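Listed here are the chains, written in short residue letters.
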Amino acid sequence: MSKPRIKITGGRLLDPHNRLDAELDLCIAEGRIAAIGDTDDDFSSDVEIDASGLCIIPGLIDLCARLREPGLEFKASIDSECRAAAAGGITTLCCPPDTNPVIDTPAVIELIHHRARQVGAARVVGLGALTHNLDGVHLSEMAALQQAGCIGVSNARTPLASTLIERRAFEYAATFGLTVYLHADDAALSANGCLHEGRVSTRLGLPGIPEAAETVAVARDLALIQQTGVRAHFGRLTTERAVRMVARAQFDGVPVSADAAIPYLYLSELDAADFGGDYHFMPPLRTPEDRDGLLQGLRNATLSAICSDHQPHEADAKLAPFPATQPGASGLDSLLPLTLKLAQDAHLPLADAIARLTCGPAQILNLPYGELGIGRAADICIFDPGALWRLDSATMHSQGKNTPFRGWEMPGKVRYTLRDGLIIYSGD
Amino acid sequence: MSRANLQITDEGKLRHFLSTEGLTHALLSEILDTAESFAGVTEQSVKKVPLLRGRTIVNLFFEASTRTRTTFELAAKRLSADVLNINVEASATVKGETLLDTLRNLEAMHVDMFVVRHCDSGTAHFIARHVQPHVSVINAGDGGHAHPTQAMLDMFTIRREKGADFGRLRVAIVGDIAHSRVARSQIHALNLLNTGEVRVIAPRTLLPAHVESLGVKVYHDLRDGLRDVDVVIMLRLQNERMKGAMLPSEHEYFQLYGLTEEKLSMASPDVTVMHPGPINRGVEMDSQVADGPRSVILQQVTYGIAVRMAVMSMAMQQRPSLETHV
């Protein structure tokens, strides 16, 4: 066999899906988990990893990461970002379809899969475009995209031209059991805005994006989800009200899930008060009350995943007056530590925090990862929970160094990352 | 906060002039006092002082402007500085050069001060953060954020009309507060000068979210809002606001918010009427009011030169390497 037999000993194994939290050994053979706990003493391993003092968790699944390839390789590449993901303990990345060209033909998703396999670090899954070239008007060939491996469809951050097109797109996706990934934004309400409409946008004289840009879209989308029965996922909700609307829909049995992205869990409009381009996000950072609403949504599992919303940029993209900067932050390096910090700060029990990065997103994507069951693919992250480090350009693995968390102290350092039983990252 | 630190030296002096927000009562008073001393210069037959001889000031305008640019140019010339007018809209950035490239190129020509106007809020702050330490930046208007020299010439006008005690004054600002950088800078300046009461008067579509958080009382009815005020500042209504869904028509706007002699009778008898210009007669105000005895609109323009001379000379005196350049 080309894949090594690996034994991981002495670590604290945390697997929220299987409700495990104990010091357990773990054996890997043929890329899969062969044994947990009472491991066979005569399991002959090629590699033994001493995980004493370390935590062993399922490899992380990032629901939204832009790899910038094809089309924007001056920002980042599949090579650079899949390696950065591995260094961050991430074993599966889901990339939205707004590449250039757009993921609206099998050729583009096949190219992305091929490049990711060549790199051999994190695994990449992709969302197909909901409409041709994301034009918001013409449905894409969703069946062909699904056959080529797209695990869902999305129109990324581009609006659909009408509610009728949205309805047809949902119906067509539902035909093939495809999940629709939604960016909740009413384009007319958010037009030209670059900051949450509130005290800070008023002081800075920046065009604001009202809360209603999100809640109006969620209300409309929920109505069409109910009408069509499509399975849908709201990515990166930012307002407390939208979270409550989704919670209500879930209670009513609507097949809908939602996530939050790391920046919105730590930052608010107040952080942009100094025109710092690193705080330019789309959707925008909201109020501290909204941030609390998101944390509440994570606690009660309305939001079943946390993603990085990784958007690596070249330095020039942020070197401009605030409205002219490009939105988004590079987030692969800080996904695990800033999720662990949520537990540290008592916002979320540790097992729930890890669940939001593992079995939570796995369930949304309907993928057999994010847990450490016997026979499952050996996707594993081993980290030192006691290690503290500082995030800066030198410690970041992503090609994009744009982050609002520069200089922050990060808890938890990844020591090993395994994907399909292969060690794709080891560091100290 | 770093907003303030960016504009002020460690000794509390003016280094850049980006926004009235974050400055101090003392600094605003110093600007007004200095402007008072220059007001005499502009009335002399030889209208020049040699304070900035040998300095190069660049008017870097990314947005069209006649009045503001002209008064900055006159102010610089009366301080004996060399002035360069650059209309960037028509040149470099169109070709893909970034703002920072433009800046570096101009800096390489040994410029001492940038006077900047740009359609994006935050541009002057951005430039101030990236210029070499000996270069000063004056904000001549950035998006909807700030237009501090306009606000200071308005404060100067009020002080000349009403005296230095702002505490007993009620000031009302009428019109498109939401999109007005002038209004924001005026509100901060009025509050820093301890104005008794600052009011804004407008329909909801022309008020920004949480406008009261700027330190103003909100009125939707012009007559109510004008009651007993000592100063009325009318804002210019951009034509494009009419075309969107902000307002139904010029006619209705004038009916409700246009300043007429009749509505003005609600105010204090010696009320002063101001407008940053240019006026839309018959939209924001009646010609009778604009040209009437209470209007100081033309004085505002004249004072603009003295105030800009004051700000330029103050900022230039704080340059760390001033001596080596002489």
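Residues numbered from 1 in each chain as written. Chains lettered and ligands numbered in written order. Predicted model: local features only at pLDDT ≥ 70, side-chain atom pairs only at ≥ 80, totals over all residues. Heavy atoms only, no water.

### Side note on the sheet that holds strand β4 (residues 26-29) of chain A
Residue and element names in this part refer to chain A. Taken together, the four strands give an open sheet; going across it, the order is β5-β4-β1-β6, and neighbouring strands pair in mixed fashion. The outermost strands of the open sheet, each flanked by one partner alone, are β5 (32-36) and β6 (47-50). Mean inter-strand twist for the sheet, computed between neighbouring axes without regard to direction, equals 20 degrees. Pairing geometry for strand β1 (residues 6-9) and β6, over four bridges, is parallel. The residue bridging isoleucine 6 from the neighbouring strand is valine 47, located in β6. (Pairing = 2+ DSSP bridges. Helix = DSSP H or I, 4+ residues; strand = E, 2+ residues; numbered from the N terminus. Axes fitted to C-alpha atoms, helices over the stretch in contact; angles between N-to-C directions.)

### As for the interface of chain B and chain A
Taken together, the 23 residues of chain B in the interface contact 17 residues of chain A. Each partner contributes to the roughly 1,700 Å² buried at the junction of chain B and chain A, and carbon and sulfur atoms together form 58% of this total. Between the two partners, chain B and chain A, sit two salt bridges. Linking Glu21(B) and Arg203(A) is a salt bridge whose minimum nitrogen-to-oxygen distance equals 2.7 Å. For the pair chain B and chain A, the interface holds six residue pairs in polar contact (both at pLDDT 80 or more). Of all the secondary structure elements, the ones that give two or more residues to the side of chain B that touches chain A are α1 (2-7), α4 (99-107) and α5 (123-130) of chain B. Counting residues per element, the side of chain B that touches chain A draws most heavily on α5(B), at five residues. Among the residues making up the side of chain B that touches chain A, the classes are represented as eight nonpolar, 10 polar and five charged. (Contact = heavy atoms within 4.5 Å. Buried area = accessible area lost by both parts, 1.4 Å probe. Salt bridge = Lys/Arg side-chain N within 4 Å of Asp/Glu carboxyl O. Polar contact = N/O pair within 3.5 Å; in protein donor to acceptor, adjacent residues only side chain to side chain. Nonpolar A, V, L, I, M, F, W, Y, C, P; charged D, E, K, R; others polar.)

### Quick word on the pairing of strand β6 (residues 197-201) of chain B
All names here are of chain B. Among the five residues in β6, five count as buried, and that is most of the element. For strand β5 (residues 170-174) and β6, the ladder comprises five bridges, and the chain directions are parallel. When the sheet's bridge partners are listed, valine 171 is paired in β6 with valine 198. Following the chain from β5 across helix α7 (residues 181-192) to the adjacent parallel β6, one finds a crossover that is right-handed. Bridge count between β6 and strand β7 (residues 217-219): three bridges; the pairing is parallel. Paired with isoleucine 201 across the bridge in β7 is tyrosine 219. (Buried < 20%, exposed > 50% of the residue type's maximum accessible area, 1.4 Å probe, protein only. Right-handed = clockwise from strand over helix to strand, strands pointing away.)

### A closer look at the domain arrangement of chain A
Residues and elements named next belong to chain A. Annotation of chain A at the domain level lists domain 1 (6-56 + 377-426) and domain 2 (59-365). Of the roughly 3,000 Å² buried at the junction of domain 1 and domain 2 (both faces included), carbon and sulfur atoms supply 65%. Three residues, Gln399, Asn402 and Pro404, lead the burial of domain 1 against domain 2; their summed loss comes to 21% of the area buried on that side. Between domain 1 and domain 2 we count three salt bridges in total. Arginine 123 is the partner of aspartate 420 in a salt bridge, and the nearest nitrogen-oxygen pair spans 3.1 Å. At the junction of domain 1 with domain 2, the criterion picks out 19 residue pairs in polar contact (both at pLDDT 80 or more). A total of seven residues in the side of domain 1 that touches domain 2 trace back to one element, the largest contributor, which is strand β19 (residues 409-419). (Domains from an automatic or database assignment.)

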